[in-house]
Amino acid sequence: MHAWLCEILDGVNALQWRELPTPEPKAGEVRIAVKAASLNFPDLLIVEGKYQFKPPLPFVPGSEYAGIVEAVGEGVTHVKPGMPVAAIAGTGGFGTHAIVEASRVLPLPPGFALTDGAAFAFTYGTSHHALIDRAQLKAGETVLVLGAAGGVGTAALQIAKAAGAKVIAAASTDEKCTLCRQLGADATLNYSTQDVRETLKALTAGKGPDVVYDPVGGALAEPVFRSIAWRGRYLVVGFAGGGIPALPWNLALLKGASVVGVFWGDFVKREPQASSQALMQLAGWYAEGKIKPVLDQQLPMSEIRAAYARMASRQVKGKLLLVNP
Ligand SMILES: NC(=O)c1ccc[n+]([C@@H]2O[C@H](COP(=O)([O-])OP(=O)(O)OC[C@H]3O[C@@H](n4cnc5c(N)ncnc54)[C@H](OP(=O)(O)O)[C@@H]3O)[C@@H](O)[C@H]2O)c1
């Protein structure tokens, strides 16, 4: 097998394409021939040592992938060789093969494309946990999604629509806003060119959004929080913009509003049953055509540097895939 190996925490340029012995799965493990791996923002952070999860060196990055089971270790019963599966393991996906704990492997139902499977659980799991569980979103409420054309953003937009909410999709370019309207957004806001507070006031008849989904952070957070509705819920999802915002707490008091943290990885570990139920609901919505991963470019696995550069420069729309022949 071959894989991109992270031997030092010096970013994507330090990754090395290495030939490695093809491992046999031990008890409780599965070996997967990787067909497609998607890029998630944490994949950028992890090879720089900036992600909260710091695997021991050397490791193969690639948090989410899909492929065909090649071999299973003792005690593994829910998948068998030849089955199409998706895996969320935090690492391991950017190669030709991966060894993964069986509990991280999800069989793909009939009709679920491998390319969609590689770009599904991380973003839709996060956005479902955020909107449905943490924010208790109700039909008819208004959700503002920041970074709405990105990975978790496109998933949040689709989930909010599936839940019967009105969606204001916010992004940095008109092209991204157009994509969001094609995906069903009721309104859009270009935060590079439009006044955030005035636009939100106009789009919500002065009331403000009930729920804000924020994977971007930085300077946008304060004006957006000032615009939130009475009893609003502000979902802290990530800081792709780089800056961790600090808010004056009186803003929360004045709006009776909540700042709500979202940490999907720990939710999966701490509440596995609730997480499985959420994934089942999402698989049902996928089968009904209510949600579908938005696929950006599909690059060969060898082009990992181009893939990382595309994400770091905010060009990815939806999910970028690295694929093996
Ligand atoms: N809390 C959790 O459990 C959880 C789970 C998954 C991901 N996350 C976090 O969610 C965030 C988004 O992840 P993702 O995989 O959806 O990433 P993504 O596809 O790259 O989307 C991030 C969006 O952030 C915006 N952005 C603003 N400034 C940026 C910058 N300097 N560099 C890159 N993007 C920038 C971009 O939209 P515009 O150009 O439109 O501004 C981009 O589309 C990350 O911070 C990630 O760590 C959190």
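Cut-off values and rules
- Residues numbered from 1 in each chain as written.
- Predicted model: local features only at pLDDT ≥ 70, side-chain atom pairs only at ≥ 80, totals over all residues.
- Heavy atoms only, no water.
- 1 Å grid on protein atoms, 1.4 Å probe; cavity = no way out; pocket = protein on both sides within 12 Å on 5 of 7 lines; lining within 4 Å.
- Points joined across faces, edges and corners; volume = space filled by probe spheres on them.
- Helix = DSSP H or I, 4+ residues; strand = E, 2+ residues; numbered from the N terminus.
- Nonpolar A, V, L, I, M, F, W, Y, C, P; charged D, E, K, R; others polar.
- Core = buried A, V, L, I, M, F, W, Y, C linked by side-chain atoms within 4.5 Å.
- Buried < 20%, exposed > 50% of the residue type's maximum accessible area, 1.4 Å probe, protein only.
- Contact = heavy atoms within 4.5 Å.
- Salt bridge = Lys/Arg side-chain N within 4 Å of Asp/Glu carboxyl O.
- Near = heavy atom within 4 Å.
- Polar contact = N/O pair within 3.5 Å; in protein donor to acceptor, adjacent residues only side chain to side chain.
- Areas by Shrake-Rupley, 256 points an atom, 1.4 Å probe, with all protein chains shown as cover.
- Pairing = 2+ DSSP bridges.
- Axes fitted to C-alpha atoms, helices over the stretch in contact; angles between N-to-C directions.

(A) Structural view of the layout of surface pockets. The calculated volume of the second largest pocket comes to roughly 560 Å³. Lining the second largest pocket we find 24 residues, and of these Val60, Thr91, Gly92, Ile99 and Val100 sit closest to its centre. Elements represented by at least two residues in the lining of the second largest pocket include exactly strand S1 (2-5) and strand S6 (97-101). Split into classes, the residues belonging to the lining of the second largest pocket amount to 16 nonpolar, three polar and five charged.

(B) A look at the nonpolar core. One finds Leu131, Val143, Tyr213, Leu235 and Leu282 to be the most contacted residues of the largest nonpolar core, which totals 46 residues. Once you skip the residues sitting within four places of it in the chain, Leu131 turns out to touch Gln136, Leu137, Val143, Ala156, Ile159, Ala160, Val211, Tyr213 and Leu235. Counting 35 residues, the second largest nonpolar core, distinct from the first, contains Phe59, Val79, Ala102 and Met301.

(C) Fine view of the pattern of salt bridges. Summed over all chains, the structure comprises 16 salt bridges. Among the ionic pairs, Asp116 bridges to Lys292, the shortest N-O distance being 2.5 Å. Within this pair, whereas Asp116 is found in helix H2 (residues 114-117), its partner Lys292 is found in the loop between helix H10 (272-287) and strand S14 (295-300), the two being separated by 176 residues in sequence. Since its relative accessible area comes to 2%, Asp116 is described here as buried. Taking relative accessible area as the criterion, Lys292 reaches 46% and is therefore assigned partly exposed. Its salt-bridge partner being Asp266, residue Arg270 comes within 2.9 Å of it at the nearest N-O pair. Placement of the pair is Arg270 and Asp266 together in helix H9 (residues 264-270), with a separation of four residues, close to one helical turn.

(D) How the structure looks around the site of the ligand. Surveying the vicinity of the ligand reveals 26 residues, the closest of which are Gly151, Ser172, Lys176, Tyr191 and Trp264. At 2.8 Å, a backbone N or O of Val262 approaches a nitrogen atom of the ligand. When the ligand is considered free in solution it has 910 Å² of accessible area, and contact with the protein chains removes 91% of it. Secondary structure elements with two or more residues in the shell around the ligand: helix H1 (41-46), helix H3 (121-134), helix H4 (151-162) and helix H11 (304-312). A per-class count over the shell around the ligand returns 16 nonpolar, eight polar and two charged.

(E) Geometry of the environment of Ile99. Residue placement: Ile99 occurs in strand S6. For Ile99, the contacting residues outside a window of four places in its chain are Pro23, Glu24, Pro25, Glu29, Val30 and Arg31.

(F) Main features of the sheet that holds strand S8 (residues 142-145). As summarised here, the arrangement of the six strands in space is S10-S9-S8-S11-S12-S13, forming an open sheet in which the pairing is parallel. Taken across any chain shown, the strands that pair with only one partner, and hence form the sheet edges, are strand S10 (187-190) and strand S13 (258-261). Between one strand axis and the next, the sheet turns by 20 degrees as a mean value, whatever way the strands run. This element, helix H5 (residues 174-182), spans strand S9 (166-171) and S10 of the sheet and lies at about 165 degrees to S10.

(G) The pairing of strand S5 (residues 84-88), seen in detail. Summarising burial for S5: four of the five residues are buried, a large majority. Here strand S4 (residues 64-72) runs beside S5; their pairing, made up of five bridges, is antiparallel. Bridge pairing links Ala66 to Ala86 in S5. The sheet contact formed by S5 and strand S7 (residues 105-107) spans three bridges and is antiparallel. In the strand pairing of S7, Ala87 is matched with Val105.

(H) Representation of unusual backbone geometry in the model. Cis geometry is adopted by the peptide bond preceding Pro58, which originates at Leu57 and carries an omega value of -10 degrees. With respect to the element layout, Pro58 can be found in the loop between H1 and S4. The phi angle at Ala205 is positive, at roughly 50 degrees, despite the residue not being glycine. Mapped onto the elements of the fold, Ala205 is located in the loop between helix H6 (196-203) and strand S11 (211-214). The phi dihedral of Arg231 is positive, around 60 degrees, even though this residue is not glycine. Mapping Arg231 onto the fold places it in the loop between helix H7 (221-227) and strand S12 (233-236).

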